[in-house]
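Structural overview for review
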Amino acid sequence: MKHIIDGKRASSNDQLMKYLQTIIEDGSSLLDLGCGPKLYSDPFKDKCKKIVTIDAWESVNPDFVADLETVDLHSLLGSEKFDFVLMIDFIEHLDKDAGLSLIDSVKTLTNKKIILLTPLEEIWDDNHKNVNDPRLWCYGNTFDMHKSLWNRQDFADWEHLNLKGLNQYFVGVFSND
């Protein structure tokens with residue numbers, strides 16, 4: 001789906017959104033890490049009892065401005081747990097060690113499911129074209145540069161989702177329920 005955010009283009013995947021609508025239950029709590037323009041969490045404002053957003057770029061108005069490559073998630077959230085955690089098009093913006101550490105941390109504060117999407121090697125680049133394109137929502141956001149390359153083996157203990165239009169991405173679910 002195409003979106004306009006402050007006059008700039010952004011897009012979300014309809015199949016991923018439909019999937020999220022089937023699993024995120026009424027009254028759930030939702031944490032959106034690397035939320036960007038909140039394309040995947042804002043649609044749940046009426047369904048979830050609580051939504052918390054975190055992003056390193058203050059221009060997207062997250063609840064917490066924090067670079068999760070350097071800031072400990074538990075220092076922001078304490079012992080709070082969430083039913084669902086979104087890590088959509090985000091983990092590649094951290095270096096690999098920081099990303100792996102963050103995933104381990106997220107597993108400890110998730111009651112039900114983590115949903116993660118990241119580009120695979122076939123389409124990976126450093127994202128400088130998007131960051132330098134004034135027509136796109138991420139224009140000027142240096143936190144949107146890609147720093148790490150991920151592959152399916154990195155998520156061996158995750159359920160892989162096959163969603164239309166996302167075959168060059170890893171889309172997966174880690175369940176704690």
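Here we summarise the structure given alongside this text. Since the structure is predicted, the reported quantities are computational estimates derived from the model, not experimental observations.

1. Brief notes about helix α3 (residues 96–108)
With 13 residues, α3 extends 19 Å from end C-alpha to end C-alpha; this agrees with the ideal 18 Å at 1.5 Å per step. When we look at burial in α3, the residues that qualify are Ala98, Gly99, Leu102, Ile103, Ser105, Val106 and Lys107. Of the surrounding secondary structure, the elements contacted by the buried residues of α3 are β3 (29–33), α2 (73–77), β6 (82–88), β7 (110–119) and β9 (169–175). The opening residue of α3, the one whose side-chain oxygen lies 3.1 Å from the backbone nitrogen of Asp97, is Asp95.

2. Here we look at the packing of aromatic side chains
With the rule as written, the count across this model stands at five aromatic pairs. With a centroid separation of 6.1 Å and an interplanar angle of 50 degrees, the aromatic rings of Trp57 and Trp137 are classed as tilted. One end of the pair, Trp57, is in the loop between β4 (50–55) and β5 (64–65); the other, Trp137, is in the loop between α4 (128–131) and β8 (159–160), and 80 residues separate them in sequence. On the basis of relative accessibility, which here comes to 16%, the residue Trp57 falls in the buried class. The interplanar angle of 10 degrees and the centroid separation of 4.4 Å between the aromatic rings of Phe155 and Phe170 together place this pair among those described as stacked. Of this pair, Phe155 sits in the loop between α4 and β8 while Phe170 sits in strand β9; the two residues are 15 residues apart in sequence, bridging distant segments of the chain. Comparing Phe155 with Phe170, the two get one shared label, buried. Clustering of aromatic rings is evident, with ring pairs tying together Trp150, Phe155, Trp158, Phe170 and Phe174. The side chain of Lys96 reaches across the aromatic face of Trp150, ending 4.6 Å from its centre.

Reading guide: rules and limits
- Residues numbered from 1 in each chain as written.
- Predicted model: local features only at pLDDT ≥ 70, side-chain atom pairs only at ≥ 80, totals over all residues.
- Heavy atoms only, no water.
- Helix = DSSP H or I, 4+ residues; strand = E, 2+ residues; numbered from the N terminus.
- Expected span 1.5 Å × (residues − 1).
- Buried < 20%, exposed > 50% of the residue type's maximum accessible area, 1.4 Å probe, protein only.
- Contact = heavy atoms within 4.5 Å.
- Polar contact = N/O pair within 3.5 Å; in protein donor to acceptor, adjacent residues only side chain to side chain.
- Phe/Tyr/Trp six-rings, centres within 6.5 Å; stacked < 30°, edge-to-face > 60°.
- Lys NZ or Arg CZ within 6 Å of the ring centre and 35° of its normal.

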